[in-house]
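# Structural features, examined
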Amino acid sequence: MECSRVSALAAALLLCLHLAQAGLQTPEPKPGRCPESSPPCGFVLLPECLRDGGCQGVKKCCYYNCKRQCVVPL
C-alpha cells in the first residue's frame, strides 16, 4: 500500500515538472544573433540559461565570456 502511494506521488510530481518546464520555454529562437566570444575559453562556467525562452525581453541565450548567458542580440 505504501509503495503504491509513493509511486503515485512520484508520477504526479514528474507530470507537474514536465508541464512547468513546457510553459517556461519558447520553442522558437528569438530574432538576432549572438555576439562572438573572444578569446576562446579554456574552461566553461555554469550556464545562466539554456534556451532563448529562459531570457527576459529581447535577450537571447548565448555562449559568451565562457558561459551561456542572456545577452542583447546583435
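So, how was this worked out
- Residues numbered from 1 in each chain as written.
- Predicted model: local features only at pLDDT ≥ 70, side-chain atom pairs only at ≥ 80, totals over all residues.
- Heavy atoms only, no water.
- Helix = DSSP H or I, 4+ residues; strand = E, 2+ residues; numbered from the N terminus.
- Buried < 20%, exposed > 50% of the residue type's maximum accessible area, 1.4 Å probe, protein only.
- Contact = heavy atoms within 4.5 Å.
- Areas by Shrake-Rupley, 256 points an atom, 1.4 Å probe, with all protein chains shown as cover.
- pLDDT = per-residue confidence, 0-100.

### Digging into the overall build of the chain
When helices and strands are counted, the chain shows 1 helix and 2 strands. From first element to last, N terminus to C terminus, the chain shows the α and β order α-β-β. Burial analysis of the chain (74 residues in total) assigns 19% to the buried set. Relative to all contacts within the chain whose residues are 6 or more apart in sequence, the contacts with residues 24 or more apart total 44%. Here the chain displays about 6,000 Å² of accessible surface, and carbon together with sulfur accounts for 66% of that area.

### Quick look at the environment of Pro73
Mapped onto the elements, Pro73 comes out in the segment after β2 (67-71). On a C-alpha basis, the gap between Pro73 and Cys61 in space is 9.0 Å, while along the polypeptide they are 12 residues apart.

### Notes on the confidence of the model for the chain
For the chain, the average pLDDT comes to 78, and 64% of its residues sit at 70 or higher. Of all helices and strands in the chain, the one with the weakest mean pLDDT is helix α1 (residues 2-24) (57), whereas β2 scores best (95).

### Looking at the environment of Asn65
Structurally, the position occupied by Asn65 is in the loop between β1 (60-64) and β2. Since its relative accessible area comes to 43%, Asn65 is described here as partly exposed. As a C-alpha pair, Asn65 and Pro40 span 25 residues in sequence and 8.4 Å in three-dimensional space. Apart from residues lying up to four places away in sequence, Asn65 is in contact with Ser37, Cys41 and Leu45.

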